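# A closer look at the structure
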Amino acid sequence: PAENCEIFRIRKGKDFSLLSFYSRDRQRQSRVNLSERYHVYECGRGYAGRYDTLDVSYTASTMQLFALFKEKQIPPAVQVRSRLFAGEDLIFDMSSVPAGRTLLFRVYDPSGKEKPAASRSVNTGKETNCRFRMPFNAMEGLWTFQCTDMASGLHTEKKITIEKRK
């Protein structure tokens, strides 16, 4: 029956392979023998280790997603200015991030509250910059921008001071 099935899928990225696993059976355990030793990242979560076999458990979720890289990855190296006035554009330079990665930018105001409507998802194969228009009525203070490479789960935080024009 369909409830007992397990689905396994491989997608190839520019410099990595994406392995997805699905099973409704939360008791199921699976082992996959990899073709060589890879640096394994749990997508959206981070580094799992270097392995030539992958053990998959569905106890936490019915869907498991992993990225395999030959080289150990670093957090996304994005560049941005550290100060700007409300109403100006904040532009992240993503040119040093490998092409074909999906980056998720999450935005937090000075009180630490996430601003989901301001979040952005960007494909570095199509864009080398990510632009945020800071509203004229933006809260003054230190804003946090978290940039996560969704394949590796590694992230970088940038702190930006927003000021009002006097």
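So, here is what we can say about the structure in this document. (Residues numbered from 1 in each chain as written. Predicted model: local features only at pLDDT ≥ 70, side-chain atom pairs only at ≥ 80, totals over all residues. Heavy atoms only, no water.)

### A word on the side chain of His 39
Inspection of the secondary structure puts His 39 in strand E3 (residues 29-42). At 2.9 Å, the side chain of His 39 and the side chain of Tyr 47 are in polar contact. Once residues lying within four places of it in the same chain are set aside, the contact partners of His 39 are Tyr 47, Gly 49, Arg 50, Ala 67, Leu 68, Phe 69, Lys 70, Glu 71 and Lys 72. (Helix = DSSP H or I, 4+ residues; strand = E, 2+ residues; numbered from the N terminus. Polar contact = N/O pair within 3.5 Å; in protein donor to acceptor, adjacent residues only side chain to side chain. Contact = heavy atoms within 4.5 Å.)

### Brief notes about the nonpolar core
Of all hydrophobic cores here, the largest spans 20 residues; its most connected members are Phe 105 and Phe 145. Looking at this core, the elements with two or more residues in it are strand E7 (89-93), strand E8 (102-108), strand E10 (129-133), strand E11 (141-149) and strand E12 (155-163). Leaving out residues up to four positions away in the same chain, Phe 145 has contacts with Leu 90, Phe 92, Arg 106, Val 107, Phe 132, Met 134, Thr 156, Glu 157, Lys 158 and Ile 160. One finds Leu 34, Val 40, Val 56 and Leu 68 within the second-largest nonpolar core, a separate group that totals 11 residues. (Core = buried A, V, L, I, M, F, W, Y, C linked by side-chain atoms within 4.5 Å. Buried < 20%, exposed > 50% of the residue type's maximum accessible area, 1.4 Å probe, protein only.)

### Focus on the side chain of Gln 146
Within the fold, Gln 146 resides in strand E11. Judged by relative accessible area, which is 12%, Gln 146 ranks as buried. Setting aside chain neighbours within four positions, we find Gln 146 in contact with Leu 104, Phe 105, Arg 106, Tyr 108, His 155, Thr 156 and Glu 157.

### Section: the environment of Ala 151
Mapped onto the elements of the fold, Ala 151 is located in the loop between E11 and E12. What Ala 151 contacts, discounting residues up to four positions off in sequence, is Phe 16, Tyr 41, Cys 43, Ala 67 and Phe 69.

### A closer look at the sheet that holds strand E6 (residues 83-85)
Pairing is mixed across the open sheet formed by 5 strands, whose spatial order is E6-E12-E11-E8-E9. Two strands in the sheet have a free side with no partner beyond their single neighbour: E6 and strand E9 (120-123). Adjacent strand axes in the sheet meet at a mean angle of 30 degrees, parallel and antiparallel pairs treated alike. By the bridge criterion, 4 bridges tie E8 to E9 in an arrangement that is antiparallel. Each bridged residue has a counterpart across the sheet, and for Phe 105 the counterpart in E9 is Arg 120. (Pairing = 2+ DSSP bridges. Axes fitted to C-alpha atoms, helices over the stretch in contact; angles between N-to-C directions.)

### Points about the pairing of E8
Pairing analysis gives 6 bridges linking E8 to E11, with the strands arranged antiparallel. Bridge assignment links Tyr 108 to a residue of E11, and that residue is Thr 144.

### What to know about the packing of aromatic side chains
For the structure on display, the rule yields 9 aromatic pairs. Ring geometry for Tyr 41 against Phe 69: centres 5.4 Å apart, planes inclined by 90 degrees, an arrangement best described as edge-to-face. Residue Tyr 41 is located in strand E3, and its partner Phe 69 is located in strand E5 (residues 63-69); the two are separated by 28 residues in the primary sequence. One aromatic cluster is present, formed by Phe 16, Tyr 41, Tyr 47 and Phe 69 through successive ring pairs. Directly above the aromatic system of Tyr 47 lies the positively charged group of Lys 72, at a separation of 4.5 Å from the ring centroid. (Phe/Tyr/Trp six-rings, centres within 6.5 Å; stacked < 30°, edge-to-face > 60°. Lys NZ or Arg CZ within 6 Å of the ring centre and 35° of its normal.)

### Points about the sheet that holds strand E4 (residues 46-57)
Spatial ordering of the open sheet is given by E1-E2-E5-E3-E4, a layout of 5 strands whose pairing is antiparallel. Two strands bound the open sheet, and with one partner strand each, they are strand E1 (6-12) and E4. Adjacent strand axes in the sheet meet at a mean angle of 25 degrees when their direction is disregarded. Sheet topology note: the E3/E5 ladder contains 4 bridges and is antiparallel. Across the sheet, Val 40 pairs through a bridge with Leu 68, a residue of E5.

### Some details on the pattern of salt bridges
Applying the stated criterion to the full structure yields 13 salt bridges. Notably, a salt bridge pairs Lys 70 with Glu 36, separated by 3.7 Å at the nearest N-O pair. Here the residue Lys 70 occupies a position in the loop between E5 and E6, and Glu 36 occupies one in strand E3, the gap between them amounting to 34 residues. Taking the relative accessible area as the measure of exposure, Glu 36 reaches 35% and is therefore partly exposed. A salt bridge links Asp 149 to Arg 101; the shortest N-O distance between them is 2.5 Å. Of this pair, Asp 149 sits in strand E11 while Arg 101 sits in the loop between E7 and E8, and the two are 48 residues apart along the sequence. Comparing Asp 149 with Arg 101 shows no difference in burial state: the two are buried. (Salt bridge = Lys/Arg side-chain N within 4 Å of Asp/Glu carboxyl O.)

Nothing here speaks to function; it is geometry throughout.
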